[in-house]
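Observations on the model geometry
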Amino acid sequence: MARYGMVIDTARCVGCMDCVVACKTENGIPEGYDRDWIAYDTTGAFPTLHMEIRSERCNHCEDPPCVYCCPCGASHIHERGGVVLVHHDKCSGCKACIAACPYDARFIHPEGYADKCTFCIHRVEQGLEPACVAVCPTHCMHFGDLDDPNSTVSRLLASREQHTLLPEAGTKPQIWYLK
Amino acid sequence: MSALSRRRFLKISGAAVGAAAAGTAALRAAGTLPSTGLSAEKGIRTVPTFCDICFWKCGAIATVRDGALWKIEGNPLDPLSNGRLCPRGTGGVGAHYDPDRLRTPLLRKRSRGQEEWVEVTWDEAFEYIAQKMQSIKQRYGPEAVALFSHGIGGNFLKHLLKAYGSPNIAAPSFAQCRGPRDAGFRLTFGEDVSSPERTDIRNARCLVLIGNHLGENMHNTQVQEFADAIGNGASLIVVDPRYSIAAGKASHYLPIKPGTDIALLLAWMHVIVTERLYDRDYVAQHGFGFEQFAASLAPFTPAWAYPETGIEPEVIERTAREMAAHKPATLVHPGRHVTWYGDDAQRSRAIALLNALLGSWGRKGGFYTPVSMDLPPYPYPEYPPSVRGKVDNPGQKYPFAHETITTGIREATLTGQPYPIMGWWVYATNLLHALPNEAETIKAIQNLDLLVVVDVIPSEIAGWADVVLPESVYLERHDDLNVEWFREPFIALRQPVVASPHDQKPNWWIARKMAGHLGLSAYFPWNDIEEYFRYRLKAGGYDYEALKKNGILRGPHQPVYYEEGLAPTFPTPSGKIEFFSPQLQKAGFDPVPVYHRPPAGPPGYYRLLFGRAPVHSFSRTHSNRILSDAMSENEIWVHTQTAQQNGLTNGQYVRLKNQDGVVSNRIRVRVTERIRPECVYMVHGFGHTSRMLKHAFGKGASDAQMVTRYATDPLMGGTAMNVNFVTFAPAEA
């Protein structure tokens, strides 16, 4: 069984938002909503500063609180790659998952269901990369099978210093950031 | 990182998002978007073309689903995009669906700038323009009509104006942007940096950026190669008063005082020359006047430069040695928008000279020599000769202006000297945001008998027009072939993906029809543009059908570095790299660059700097719903200490007031450590005042409005704009 994840090289990322825009056109995300976004972490005082830029989205956690708390069975772990998805037709829009997600990755779509990143599973099932990964002009984003030691994502994780977001939340996020 | 940061981010950008309309799919469903005219079409099809959201011209593949434009991706065959567009190109979908775009030809109803119009047919518009142009030609001569044009889309209008008899064709990309750079490099190496820049960033071992904010300035190939250089472990030296995105990746960040770059460059060259770290063979073989140049550097020690620049002497020494250690694969990037302080051509020359010392011009990891495909031009009749010549630079006042100066045409329009300018055509450039001092532009417009604006959106300059002609967006039209000068030779085709939703027309059609109304049909002997393409490609021995299918025709690799056997040539008067410039000396200028301390602003005022955001092009993309959703207004960056002194808090609105008392639209404050306390920064192009740009109207502030002053470069007539100072005024004023 594959276990899908992303590895994002923050040294290459320039925060241009191409990932955000590509997600928007690929998935028809309504104006005013985003499934992914750019975060800046700036520390220090001018001019001795450090800045990390990250493309962020649903972490497709291995222990997803959004799935555990869903009263409708809408939020679920997909059989392929452990991707966390939402059955739009089952979702009541109760927002329990939004409250449970430590990453603020979800929103209520104007059509009434909880929405978020799908890792572009419709593309992945066709052998394509997620739209955000495929578009990135800096090649800072990588998608693949974390269970395959020869995948690019596994090899990058083995070779570079890295971190996940909010590991203390205990959700086992599947997106890693290379320093 | 914590969830709090994410919420903070949302709070900042969330307000900018505003009350949401729906996405393109929902807008189409709600019927607020025009039908594409192909609604009977089912299934998926793709069309290769090239982008026009900026002028870089990246190869793209657009996908149409059930007759409606769905998405645009990079064309993998294209060496500019390498299969990946920038965010603006990806968001180009929004240009087609923009509800604010121009729909039909418009004729002014009341006085200029009132934005009150009568919708007219194309023939009525052409007839109106033709009458005015014939009358101007009779009374003032054909040179009295000028064209301001930006991008490849304007090629056929340029052809029309030349056929009419005017040599006065200019783009703000020279005197308001890259002109000083190209003048400085020409004076030194005999050649321009050109566009796309001939910078071999991907092979650089040391990259030096001086005020160049790659990553925010999203010229696709440059940014791709910048990421590659970082990935390859290249040393990165960033010089900027603002901690830019690039600064965040630098091995050495030099937080320079604004306007003192020449002092730093002289000190760097002082170290490299006195420590004999330069490429001695290269300089001996190709240099002219090196001894005089080297002697002139003696006083400019790092200790001398320290109080000017604020950069510690040991940092200047260390970075100079770092550059020398990687030569010739050290690229001191010449930048692009370099009209800053009025001595910009001399600063660019200093950058050229530093590159010359490092031996990077012509070398791998420095500057390659661009190549092109051989494609003969279309055999048009000869243009009528101009008796009076160009109007923009009388008496060669700016002796090293090698392109037409927009602001020189504006000056002639204001003064009638050396001869009157009575008509302006403006193609795809928003002069009110591009030229400094908009009051001068508006005053010049009052002297015109005719102002025609051709554009896809109702820009501010369109609001002042007599006639507005709505152009099809690039996804709906053919344009001229892109026979690019680049690292790899290629020809690219722009072709329609979907139909125009209203009465918009492509520029080639507009120019050709206009020619008919002016009796100039002989200059447009082809019936449609594909006939023109076929003729040229056949003449060059290429297959048009293959170009249509792939969007790109690539030629074989040619040598682009001296290392590949390319013979060094320097088309300067001496035939060598001119370290000491007899040309400049003869014209009465400093033959080697000299530093002048920039004048300070009034007390309590902060120097206004401006730049780019990766999701917008100029002032052209703010009504594109996809791109405005990524960034819908700009912010004024204020250092923490400056914010405290002025009682400003993060996220509040203020107005800016410049040294001449001009007050801006309201703009949000961004309190940050990422800028020197004596300057403030904003992204260019926001603060729209055109009422027809409904979505973008009143969002953010316009830097152009604050640029009431400018310093003119004495070498080439560039208008430097970083010479304005602002203070803060309450938002509710």
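Residues numbered from 1 in each chain as written. Chains lettered and ligands numbered in written order. Predicted model: local features only at pLDDT ≥ 70, side-chain atom pairs only at ≥ 80, totals over all residues. Heavy atoms only, no water.

1. Some details on the overall build of chain A
The secondary structure content of chain A amounts to six helices and 10 strands. Relative to a compact globule of 179 residues, whose C-alpha radius of gyration would be 16 Å, chain A shows 16 Å and is just as compact. Principal axes of the C-alpha set define a box for chain A whose edges measure 50 × 40 × 35 Å. For chain A, buried positions account for 60% of its 179 residues. Surface accessibility of chain A: about 6900 Å² in total, with carbon and sulfur atoms responsible for 52%. Here chain A carries 16 positive and 23 negative side-chain charges, and the mean point of each set is 1 Å from the other. (Helix = DSSP H or I, 4+ residues; strand = E, 2+ residues; numbered from the N terminus. Rg over C-alpha atoms; globule rule 2.2 N^0.38 Å. Buried < 20%, exposed > 50% of the residue type's maximum accessible area, 1.4 Å probe, protein only. Areas by Shrake-Rupley, 256 points an atom, 1.4 Å probe, with all protein chains shown as cover. Lys, Arg positive; Asp, Glu negative; His and termini not counted. Charge placed at Lys NZ, Arg CZ, Asp CG, Glu CD.)

2. Examining the domain arrangement of chain B
Residue and element names in this part refer to chain B. Looking at chain B, the domain boundaries give domain 1 (196-370 + 565-586) and domain 2 (606-730). Between the C-alpha centres of domain 1 and domain 2 there is a distance of 29 Å. Taken residue by residue, the interface counts 24 residues in domain 1 and 26 residues in domain 2. Taken over both partners, the interface formed by domain 1 and domain 2 buries close to 1900 Å², and the fraction arising from carbon and sulfur atoms is 60%. Taken together, the connections running from domain 1 to domain 2 amount to zero salt bridges. Taken together, domain 1 and domain 2 are joined by eight residue pairs in polar contact (both at pLDDT 80 or more). No other element matches helix α14 (residues 344-358), which puts three residues into the side of domain 1 that touches domain 2. A breakdown of the residues in the side of domain 1 that touches domain 2 according to their chemical character gives 11 nonpolar, eight polar and five charged. (Domains from an automatic or database assignment. Contact = heavy atoms within 4.5 Å. Buried area = accessible area lost by both parts, 1.4 Å probe. Salt bridge = Lys/Arg side-chain N within 4 Å of Asp/Glu carboxyl O. Polar contact = N/O pair within 3.5 Å; in protein donor to acceptor, adjacent residues only side chain to side chain. Nonpolar A, V, L, I, M, F, W, Y, C, P; charged D, E, K, R; others polar.)

3. Description of the pairing of strand β2 (residues 36-45) of chain A
Bridge count for β2(A) against strand β3 (residues 48-57) of chain A is 10 bridges, and the pairing is antiparallel. Bridging from a neighbouring strand, A39(A) pairs with R54(A) of β3(A). (Pairing = 2+ DSSP bridges.)

4. Describing the side chain of Q174(A)
All names here are of chain A. Along the chain, the position of Q174 falls in the loop between β9 (162-163) and β10 (175-178). Exposure remark for Q174: the relative accessible area of 3% places this residue in the buried category. A polar contact of 3.4 Å, which involves the side chain of Q174, links it to the side chain of E62. A distance of 2.9 Å separates a polar side-chain atom of Q174 from the backbone oxygen of K172. Ignoring sequence-local partners within four residues, the contact set of Q174 consists of R3, Y4, G5, M6, N59, H60, E62 and L146.

5. Quick notes on the interface of chain B and chain A
Listed as interface residues are 55 residues of chain B and, on the opposing side, 49 residues of chain A. At the boundary of chain B and chain A, one finds four salt bridges. K24(A) is the partner of D629(B) in a salt bridge, and the nearest nitrogen-oxygen pair spans 2.1 Å. In this assembly, chain B and chain A are joined by 16 residue pairs in polar contact (both at pLDDT 80 or more). Contributions of two or more residues to the side of chain B that touches chain A are made by α1 (3-17), β3 (68-74), α3 (87-90), α8 (220-231) and α23 (625-630) of chain B. Class assignment for the residues of the side of chain B that touches chain A results in 29 nonpolar, 14 polar and 12 charged.

6. Some remarks on the sheet that holds β10(A)
Residue and element names in this part refer to chain A. Spatial ordering of the open sheet is given by β8-β1-β10-β9, a layout of four strands whose pairing is mixed. A single partner strand is all that each edge strand has here, and the edge strands are β8 (141-145) and β9. Packing against the sheet, helix α6 (residues 152-159) makes contact with β1 (4-9), β8, β9 and β10, and its axis sits at approximately 115 degrees to β8. (Axes fitted to C-alpha atoms, helices over the stretch in contact; angles between N-to-C directions.)

7. Brief notes about the environment of P255(B)
Along the polypeptide, P255(B) turns up in the loop between β10 (252-254) and α9 (261-274). In this structure P255(B) comes out as buried when scored by relative accessible area, which is 13%. When the C-alpha positions of P255(B) and P142(B) are compared, they lie 50 Å apart, and in sequence the two are 113 residues distant. Once residues within four sequence positions are removed from consideration, P255(B) is found in contact with F46(A), P47(A), D240(B), I311(B) and R676(B).

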